[in-house]
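Structural overview
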Amino acid sequence: MGAERRQSVGADEFGEFVEGLDYPLFVVTVEHDDERSGCLVGFTTQVSIDPPQMLVCISEKNHTRRLVEHADLVAVHVLPPGHQELDELFGEETGDATDKFARCSWHAGPGGVPLLDGAARHMVGRILTRVPFADHLGLLLEPVETHVGDSPVAYTLSDAEDMEPGHPA
Ligand SMILES: Cc1cc2nc3c(=O)[nH]c(=O)nc-3n(C[C@H](O)[C@H](O)[C@H](O)COP(=O)(O)O)c2cc1C
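What comes next is a walk through the structure. Just so we're clear, the structure is a prediction, and the values are computed from it rather than from any experiment.

1. Notes on the overall build of the protein
On a plain count of helices and strands, the protein comes out with three helices and nine strands. Relative to the 2.2 N^0.38 estimate, which gives 15 Å for 169 residues, the radius of gyration of the protein is 16 Å and therefore close to what a compact globule would have. Based on the C-alpha atoms only, the size of the protein along its principal axes is roughly 60 × 35 × 35 Å. Per-residue burial for the protein yields a buried fraction of 40% across its 169 residues. Long-range contacts, defined here as pairs at least 24 residues apart, represent 66% of the contacts in the protein between residues at least 6 apart. Carbon together with sulfur atoms contributes 49% to the accessible area of the protein, which is approximately 10,000 Å² in total. Treating the 11 positive side-chain charges of the protein as one cloud and the 30 negative ones as another, the clouds have centres 7 Å apart.

2. Re the site of the ligand
S59, T64, E93, T94 and G95 are the nearest of the 25 residues found near the ligand. Here an oxygen atom of the ligand and a backbone polar atom of S59 are 2.6 Å apart. H63 places a polar main-chain atom, nitrogen or oxygen, 2.9 Å from an oxygen atom of the ligand. For the ligand, whose free accessible area comes to 650 Å², the fraction covered by protein is 93%. Mapped by element, the contributors of at least two residues to the shell around the ligand are β2 (35-41), β4 (53-59), α2 (63-68) and α3 (84-92).

3. Details of the pattern of salt bridges
Tallied over the entire structure, the rule returns five salt bridges. Among the charged side chains, a salt-bridge network with shared partners connects E60, R65 and E69.

4. A look at the pairing of β4
Extensive coverage of β4 is indicated by the burial of six of its seven residues. With four bridges joining them, strand β3 (residues 44-48) and β4 adopt antiparallel strand pairing. Across the sheet, the residue bridging to T45 is L55, located in β4. From the end of β3 to the start of β4, which pair antiparallel, there are four residues. Where β4 lies against strand β9 (residues 136-148), six bridges are found, and the strand directions are antiparallel. Following the sheet pairing, L55 is matched in β9 by L140.

5. Considerations on unusual backbone geometry
In the segment running from D50 into P51, the intervening peptide bond is cis, with an omega of 10°. Mapped onto the elements of the fold, P51 is located in the loop between β3 and β4. Positive phi is not limited to glycine here, since D33 has a value of about 55°. Mapped onto the elements, D33 comes out in the loop between β1 (26-32) and β2. Taking relative accessible area as the criterion, D33 reaches 68% and is therefore assigned exposed. In this model, D34 sits at a positive phi of 65°, which is unusual for a non-glycine residue. With respect to the helices and strands, the residue D34 is situated in the loop between β1 and β2.

Each value, and the rule that gives it
- Residues numbered from 1 in each chain as written.
- Predicted model: local features only at pLDDT ≥ 70, side-chain atom pairs only at ≥ 80, totals over all residues.
- Heavy atoms only, no water.
- Helix = DSSP H or I, 4+ residues; strand = E, 2+ residues; numbered from the N terminus.
- Rg over C-alpha atoms; globule rule 2.2 N^0.38 Å.
- Buried < 20%, exposed > 50% of the residue type's maximum accessible area, 1.4 Å probe, protein only.
- Contact = heavy atoms within 4.5 Å.
- Areas by Shrake-Rupley, 256 points an atom, 1.4 Å probe, with all protein chains shown as cover.
- Lys, Arg positive; Asp, Glu negative; His and termini not counted.
- Charge placed at Lys NZ, Arg CZ, Asp CG, Glu CD.
- Near = heavy atom within 4 Å.
- Polar contact = N/O pair within 3.5 Å; in protein donor to acceptor, adjacent residues only side chain to side chain.
- Salt bridge = Lys/Arg side-chain N within 4 Å of Asp/Glu carboxyl O.
- Pairing = 2+ DSSP bridges.

Next up, the structure:
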């Protein structure tokens, strides 16, 4: 009875399936106990319209992962196109070795969450649930503040093709 159980494909094979697909990139920031962290994130999606909710996935290896364990809020930033310094800082450096917030302009938002001055848009989200996926932690977010500036937004994976993540996934 039922479908025959098939063996799952490996990461390389699945990698070919997602190869070349484009999707938006965001910078997620967080503060806990006067420590700040943040990283470039592509594994995100809106998961509900009303009430609005968004899922953001943070690699288990990242410095950012340790802070989101304890925080109530995170900020999700959309970068304007061509903002290479911020995407490289947050995507190629790790908070394990670098104080990223000493190297960019930001100010404290609700609950102290760092808001990046160079972002085109940001959303501050309350963490409703943490969902452990295999090698990422999913954060289900409820927006508590949104800001939309005038800059165009088109920052996607294809803009970051040559980047080397600060932490291998
Ligand atoms: C194109 C691209 C997409 C990425 N997507 C994610 C992601 O969805 N989730 C994640 O946790 N890290 C992602 N990363 C990796 C982190 O941004 C990167 O390892 C960062 O240096 C980690 O910083 P941290 O250790 O200070 O948290 C991505 C990196 C790049 C270049």
